[in-house]
Amino acid sequence: MDVTHPTDRLLEHAGPVTMYATRPPARPVVPPPPRRSLRDTIGGVLSPWAAAGLVVVTVAGVFVGRAGWSGELSADAVVTLLVFLFAVWAWIFSPLDDTYVALGGGAALVVFGILDANTFAGTLGSGVIWLLIGAFVIAAAVTASGLSARLSARVVRRARTPRQLVHLITAALLLTTFAIPATSGRAALALPIFLALAAVLRDRPRLVLCLALVFPLVILFSAVGSLLGAGAHLITAEIVSAATGTTIGFLHWAVLGVPLAIVWSHLAAEAALWTMTDHDERARRLCVPASAFESTGAPTSGPLTVAQRRVLIILGVVVALWCSEPWHGIDPAIVAVLGALAASAPAVGATTLGAALKTIPWTLLLFMAATLALGMALDSSGAAEWLADQAFGSIAETGPRAAMVFVVVSATVSLLAHLVVQSRSARSAVLIPIIVVTAPVVGVNPVAAAFLSTAAAGFCITLTSSAKPVAMFAVSADVPGYQPRHLLRMSAFLAPVSLALLIVFACWVWPHLGLPLLSS
């Protein structure tokens, strides 16, 4: 029987009607995102390229099985390598989420007894995870206060020529490396600034195209300046610490990474300017008005607000404590948590803890924890040592040139690995255990080799799918970005230049900064 609600009967009569809280207004129903069907998933897995990759993985698995049958590999190493091979194949070819694959691989290692459950679960409670949690909360406060948008806009407004504009943008993005963890977070922060500039410069499409490239290039290349610049850096630091006992702290990483970040970023910005604009465009004056950044939603003129000053002080104190860890001995993760509490404290911070926690990319943290477990299994089972011997064993036979050959090969492989493994963290999880084991055999400092590989992995600009910042600034209905051909052009130009720059730093710059290339 259809029973009419009493409130509905009241609506039939004239006069005002009071709608009480006992019957709240209907909320709009937001449909959930469409889920991939089983047929779509299987179709993606069984594509020609995926099938070819599966054949390669199967052949490699047979080779690993033969090594185990002959006694060359332990049973634990065989199982670890098989799980590792399947995870790499899934990261490259399957439509499954990278975190899903990493968690599945870690769980498989526990099921087969390679890792115990406490070790696997303990990676999620490791110091690097808490360091990132605290850093993301602080970053949420910085963003909520409008501090980052204000400082970026203030810097950009000083530009009077296209060259000044791209290099001022580069300088501003370099500073955000220490405030916003992960490249995707910095890209999300920078996108409104780019859209505001694109609207002002809409009559100069070549310059807009140049800026569309400058933002993701600098975000990716400047990340090497900070330990928190990318999740891959923390994975590398953990693997190096476990394998060699050497800890790369926040200050040590900054001393090594900031010079490279500055040179690499400004070099990339200049390359984008030269390849995407002509002489007349570069010579044409420009003026960016303060009103251009009103669309960002945050005030970009006048003195800093109280919230912005407080957040700036908190951020400065946190960075100072990270850099001075060797003197006070407080773990960086504890510093990050204390900074997060201060940045979200009532009447002090610029956001609430609940709102800040919602901004944390928990899938990234789960992915990092799972890949750390995979790296630990590769090292403890002896699989990494055997895999390194198979991959780089012939280099040791090149004699006195072995060290230099290894440096060039490892840097080249790391630089090009983004073409097959899209996740930066996954590339480090795959490459660093092998590189750390191989380096001492050819006379190379494993810490230097790992740092070089991680820095080279930051080159991921060839395809729009190579990195999230690259995808965010590509052309779309809302973003006046670049086409795939522009990325290919920049990648073809910057790849050899970047490789040469990295080798120069590894051989001549980093040794003077306390990181010798050759092992003593």
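Residues numbered from 1 in each chain as written. Predicted model: local features only at pLDDT ≥ 70, side-chain atom pairs only at ≥ 80, totals over all residues. Heavy atoms only, no water.

**Focus on the nonpolar core**
Residues Trp 91, Phe 194, Phe 215, Trp 322 and Trp 510 are the most contacted members of the largest nonpolar core, which totals 171 residues. Looking at this core element by element, the count peaks at 14 residues for helix α11 (residues 205–222). Not counting residues up to four positions away in its chain, the partners in contact with Phe 194 are Val 208, Leu 211, Ala 212, Phe 215, Phe 473, Val 479 and Pro 480. (Core = buried A, V, L, I, M, F, W, Y, C linked by side-chain atoms within 4.5 Å. Buried < 20%, exposed > 50% of the residue type's maximum accessible area, 1.4 Å probe, protein only. Helix = DSSP H or I, 4+ residues; strand = E, 2+ residues; numbered from the N terminus. Contact = heavy atoms within 4.5 Å.)

**A short note on the pattern of salt bridges**
A complete count under the given rule lists three salt bridges for this structure. Here Arg 284 ties to Asp 203 by a salt bridge, and the two come within 3.3 Å at their closest N and O atoms. Within this pair, whereas Arg 284 is found in the loop between α14 (279–283) and α15 (306–323), its partner Asp 203 is found in the loop between α10 (183–200) and α11, the two being separated by 81 residues in sequence. (Salt bridge = Lys/Arg side-chain N within 4 Å of Asp/Glu carboxyl O.)

**What to know about a nonpolar patch on the surface**
Taken together, Ile 330, Ile 334, Leu 338, Leu 341, Leu 353, Leu 357 and Trp 362 make up a surface patch of nonpolar side chains, about 610 Å² in accessible area. At the level of elements, α17 (332–343) and α18 (353–357) are the ones that each hand at least two residues to the nonpolar patch. With three residues, α17 is the single largest residue contributor to the nonpolar patch. By secondary structure assignment, the location of Leu 357 is in helix α18. (Patch = residues over 30% accessible without salt bridge, like charges linked within 9 Å, V, L, I, M, F, W, Y side chains within 5 Å. Areas by Shrake-Rupley, 256 points an atom, 1.4 Å probe, with all protein chains shown as cover.)

**Remarks on unusual backbone geometry**
Of note in the backbone geometry, Ala 182 takes a positive phi value of approximately 75° without being a glycine. Among the secondary structure elements, Ala 182 is positioned in the loop between α9 (162–176) and α10. What makes Ala 182 buried here is its relative accessible area of 9%. Even without being glycine, Ala 347 reaches a positive phi, approximately 65°. Considering the arrangement of structural elements, one finds Ala 347 in the loop between α17 and α18. Classification of Ala 347 as exposed rests on a relative accessible area of 72%.

**Let's talk about the packing of helix α7 (residues 127–145) against α15**
Direction vectors running N to C along α7 and α15 enclose 155°, while the axes themselves pass 9 Å from each other. Looking at the two axes, α7 sits roughly antiparallel to α15. Along this stretch, α7 crosses α15, giving a crossing that reads as left-handed. Between α7 and α15, the contacting residues are Leu 131, Ala 135, Ile 138, Ala 141, Val 142 and Ser 145 on the first element and Ala 307, Gln 308, Val 311, Leu 315, Val 318 and Trp 322 on the second. For the contact of α7 with α15, the per-class residue count stands at 10 nonpolar, two polar and no charged. (Axes fitted to C-alpha atoms, helices over the stretch in contact; angles between N-to-C directions. Parallel < 35°, antiparallel > 145°, perpendicular 65-115°, else oblique. Left-handed = near helix turned anticlockwise from the far one by under 90°. Nonpolar A, V, L, I, M, F, W, Y, C, P; charged D, E, K, R; others polar.)

**Let's talk about the side chain of Ser 491**
The topology assignment puts Ser 491 in helix α25 (residues 484–509). Assessed through its relative accessible area of 7%, Ser 491 is described here as buried. For Ser 491, the contacting residues outside a window of four places in its chain are Phe 459, Ile 461, Thr 462 and Pro 496.

**So, helix α20 (residues 383–392)**
What sets the pattern is the α-helix's 3.6 residues per turn: residues three or four places apart point alike. All of the buried residues in α20 are Ala 383, Ala 384, Trp 386, Leu 387, Ala 388 and Phe 392. Of the surrounding elements, those touching the buried residues of α20 are α3 (48–69), α4 (75–93), α19 (362–380), α21 (402–416) and α22 (424–438).

**Some words on the environment of Thr 275**
Tracing the backbone through its elements, the reader meets Thr 275 in helix α13 (residues 250–276). Using a relative accessible area of 18% as the deciding quantity, one classes Thr 275 as buried. Separated by 215 residues in the primary sequence, Thr 275 and Met 490 have C-alpha atoms spaced 7.9 Å apart. Not counting the four nearest positions on each side in its chain, Thr 275 is found in contact with Arg 489 and Met 490. One polar contact links the side chain of Thr 275 to the main-chain carbonyl oxygen of Ala 272, over a distance of 3.4 Å. (Polar contact = N/O pair within 3.5 Å; in protein donor to acceptor, adjacent residues only side chain to side chain.)

**Some details on the side chain of Thr 351**
Of note, Thr 351 is situated in the loop between α17 and α18. On the basis of relative accessibility, which here comes to 15%, the residue Thr 351 falls in the buried class. Residues within four places of Thr 351 in sequence aside, it is in contact with Ala 140, Ala 141, Ala 144, Ala 343, Ser 344 and Ala 356.

**A word on α21**
Its 15 residues give α21 an end-to-end C-alpha distance of 21 Å, which sits within 8% of 21 Å, the value for a rise of 1.5 Å per residue. Those residues of α21 that sit buried are Ala 402, Ala 403, Phe 406, Val 407, Ser 410, Ala 411, Ser 414 and Leu 415. For α21, the elements touching its buried residues are α20, α22, α23 (446–456) and α25. (Expected span 1.5 Å × (residues − 1).)

**A closer look at the packing of α11 against α25**
It is at 12 Å that the axes of α11 and α25 come closest, and there the two elements cross at 50°. Relative to α25, the element α11 is oriented oblique. As for the relative orientation of α11 and α25, their crossing is right-handed in sense. Residues Leu 209, Leu 213, Leu 217 and Phe 221 of α11 form the contact with α25, whose own contacting residues are His 486, Leu 487, Met 490 and Leu 494. When its residues are assigned to classes, the contact of α11 with α25 shows seven nonpolar, one polar and no charged.

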